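Close look at the chain arrangement
Next come the chains, spelled out residue by residue.
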Amino acid sequence: MTAIHGRFSRSQAIIQNGAEIDCEENNGNTPLHISARYGHELLINTLITNGADTAKRGVHGMFRLHLSALSGFSDCCRKLLSSGFDIDTPDDFGRTCLHAAAAVGNLDCLNLLLNTGADFNRKDSFGRSPLHYAAANCNYQCLFALVGSGASVNDLDKRGCTPLHYAAASDTDGKCLEYLLRNDANPGIRDNQGYNAVHYASAYGHRLCLELIASETPLDVLMETSGTDILNDSDVRAPISPLHLAAYHGHHHAMEVLVQSLLDLDVRNSQGAPLWT
């Protein structure tokens, strides 16, 4: 890392003395990337004014706006947007700046990007929208903002997962999952392996999520083993039931909800093994 990447208090003098303004560190980041990452708005302005290349990509192909969004510096995001950056430009993994803001829960940056016209349904290379990232990280304020803007709650990623699958796996207090359910998220959608949100909540022991799902649709209706899974047309069946998942991981609170809600407690897995062996 060169001096221009480090001691920012001296960077303006270094620039004026002829330093290479677009020099790169080992990860490919330029001083403009580093300034964006750490929120040095005045230095960003100095670098751009002195001809810094705003089109250079840094680590993982990220632009400086990605880094500002990841670090939550809305003022820097605003300055960088004013330099003519295409707001939906992806990094090497197809993630836009809105994906970055949603992933780390920076509401100010996310709202700025939304208000500037960022595509809230844009999918990355894994098929995930910003809403998938907000749900996976339980960033409920960002999730509320995205859904309120019109983000699709039932979009599938390449694993066949909706944002509800990710919320069921990560949401300990149920706030994100409940909001998704109230905005028409479908708990019966199965991923590519046949698992729905009930399976995910059971595997991670999220009792409150199971109770919230059950309040919308009886859990027995959502279980493939019941033979009454009417919520989607997929022929994929899960190899193991939510009861098996909760029992295997020792989630007794989740087991309590499942036992109270399900008709068939003698369900077997795809190899014919009963729950209690």
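Above this text you will find the structure in question.
This one's a predicted model, so the numbers in the text were calculated from it and none came from an experiment.

1. Looking at the overall build of the chain
Along the chain, the regular secondary structure elements total 16 helices and zero strands. Expressed as a percentage of contacts within the chain between residues at least 6 apart in sequence, the contacts between residues at least 24 apart total 66%. Of the roughly 12,600 Å² of accessible surface on the chain, 47% is carried by carbon and sulfur atoms.

2. What about the pattern of salt bridges?
Under the definition given, this model contains five salt bridges. In this structure, the salt-bridge partner of Arg128 is Asp157, at a minimum N-O distance of 3.5 Å. A residue pair is termed long-range when its members are at least 10 positions apart, and Arg128 in the loop between α7 (107-115) and α8 (130-136) and Asp157 in the loop between α9 (140-149) and α10 (163-170) qualify at 29 residues. Under the relative-accessibility criterion, Asp157 is labelled buried at 6%. Where Glu211 meets Arg207, a salt bridge forms, and the shortest distance between an N and an O atom there is 3.1 Å. Highlighted residues: Glu211 and Arg207, both in helix α13 (residues 207-216), separated by four residues, approximately one helical turn. By relative accessible area, Arg207 is classed as partly exposed at 28%.

3. Here's the deal with the packing of aromatic side chains
Inspection of every chain in the model, using the stated rule, returns three aromatic pairs. Their ring planes at 15 degrees and their centres at 6.3 Å tell us that Phe93 and Phe126 sit as a pair that is stacked. Of this pair, Phe93 sits in the loop between α5 (74-81) and α6 (97-104) while Phe126 sits in the loop between α7 and α8; the two residues are 33 residues apart in sequence, bridging distant segments of the chain. Judged by relative accessible area, Phe93 falls into the partly exposed class, the value being 31%. Residue classification places Phe126 among the partly exposed residues on the basis of a relative accessible area of 35%. In this structure an aromatic cluster arises from ring pairing among Tyr140, Phe144 and Tyr179. The lysine or arginine in question, Lys175, covers the ring of Tyr140, its NZ or CZ lying 4.1 Å from the ring centre.

4. Structural notes on the environment of Cys161
Mapping Cys161 onto the fold places it in the loop between α9 and α10. Taking the C-alpha atoms as reference, Cys161 lies 8.6 Å from His132; in sequence the two are 29 residues apart.

5. Some words on the side chain of Asp124
Here Asp124 lies in the loop between α7 and α8. In this structure Asp124 is buried but unpaired, with Arg128 as the nearest side chain of opposite charge at 5.3 Å. There is a polar contact of 2.9 Å between the side chain of Asp124 and the backbone nitrogen of Phe126. Polar side-chain contacts of Asp124 include one of 2.5 Å to the side chain of Tyr133. Beyond its immediate sequence surroundings of up to four residues, Asp124 is in contact with Phe93, Gly94, Arg95, His99 and Tyr133.

6. What to know about the environment of Tyr133
One can find Tyr133 in helix α8. With 30 residues separating them in the primary sequence, Tyr133 and Ala103 have C-alpha atoms 4.8 Å apart.

7. Re unusual backbone geometry
A negative phi holds for most residues other than glycine; trans holds for most peptide bonds. Notably, Cys138 is not glycine yet its phi reads approximately 55 degrees, a positive angle. One can find Cys138 in the loop between α8 and α9. In this structure, Asp184 is a non-glycine residue whose phi angle is positive, near 75 degrees. With respect to the element layout, Asp184 can be found in the loop between α11 (175-182) and α12 (197-203).

8. Some details on the packing of α6 against α7
Orientation of α6 relative to α7, taken along the N-to-C sense of each, is 150 degrees, at an axis distance of 8 Å. The orientation of α6 relative to α7 falls into the category roughly antiparallel. Both α6 and α7 take part in a crossing whose hand is left-handed. Packed against α6, whose contacting residues are Cys97, Leu98, Ala101 and Ala102, the element α7 presents Cys109, Leu110, Leu113 and Leu114 at the interface. Here the residues of the contact of α6 with α7 sort into eight nonpolar, no polar and no charged.

9. Some points on the nonpolar core
Counting residues in hydrophobic clusters, the biggest one holds 59 residues, and the most contacted among them are Leu110, Leu113, Leu146, Leu177 and Leu180. Excluding its chain neighbours within four sequence positions, the residues that come into contact with Leu110 are Leu98, Ala101, Ala102, Cys142, Ala145 and Leu146.

10. Quick word on α5
Structural remark: α-helix, 3.6 residues per turn; residues separated by three or four positions point the same way. Every buried residue of α5 is listed here: Ser74, Cys76, Cys77, Leu80 and Leu81. In a view along the axis of α5, the buried residues occupy a sector of 155 degrees, so they form one face of it.

Scoring rules and cut-offs
- Chains are numbered independently. Their residues run from 1 in the order of the written sequence.
- The predicted origin of the model limits local features to residues at a pLDDT of at least 70 and limits the giving and counting of side-chain atom pairs to 80 or more, whereas totals for whole chains, interfaces and linings rest on all residues.
- Based on all heavy atoms of the structure, the side-chain values leave hydrogens and waters out of the count.
- Under the scheme used here, helices are H or I runs from DSSP no shorter than 4 residues and strands are E runs no shorter than 2 residues, and both carry numbers assigned from the N terminus.
- The contact rule is simple, with two residues in contact once any of their heavy atoms fall within 4.5 Å.
- Per-residue and other accessible areas were derived by the Shrake-Rupley procedure at a 1.4 Å probe size, with only the shown protein chains allowed to occlude residues.
- The working definition used for a salt bridge is a side-chain nitrogen of Lys or Arg within 4 Å of a carboxyl oxygen of Asp or Glu.
- Classification of residues uses two cut-offs on accessible area relative to the type maximum, computed with a 1.4 Å probe and protein chains only: under 20% is buried, over 50% is exposed, and between them is partly exposed.
- Only rings of Phe, Tyr and Trp enter the pairing, Trp through its six-membered ring, and a pair is recorded when the two centres are within 6.5 Å. The plane angle decides the type: under 30 degrees is stacked, over 60 is edge-to-face, the rest tilted.
- Only when the NZ atom of a Lys or the CZ atom of an Arg is both within 6 Å of the ring centre and within 35 degrees of the ring normal do we say a charge sits over the ring.
- Positive charge is attributed to Lys and Arg, negative charge to Asp and Glu, and no charge count is given to His or to the chain ends.
- A 3.5 Å cut-off defines polar contacts: any pair of N or O atoms within that distance qualifies, except that in protein one atom must be a possible hydrogen donor and the other a possible acceptor, and neighbouring residues in sequence count only when both atoms are side-chain atoms.
- An axis is simply a line fitted to the C-alpha atoms; with a helix, the fit covers only the stretch in contact. Between two such axes, the angle follows the N-to-C directions and lies from 0 to 180 degrees.
- Just so you know how the angles are binned, under 35 degrees is roughly parallel, over 145 roughly antiparallel, 65 to 115 roughly perpendicular, and the rest oblique.
- In this scheme the crossing of two helices becomes right-handed for a clockwise turn of the near helix relative to the far one and left-handed for an anticlockwise turn of less than a right angle.
- Three residue categories are used. Nonpolar comprises Ala, Val, Leu, Ile, Met, Phe, Trp, Tyr, Cys and Pro, charged comprises Asp, Glu, Lys and Arg, and polar comprises the others, including Gly.
- We define a nonpolar core as any set of buried Ala, Val, Leu, Ile, Met, Phe, Trp, Tyr and Cys residues linked to one another through side-chain atoms lying within 4.5 Å.
- Our arc is simply the arc of the directions from the helix axis toward the C-beta atoms.

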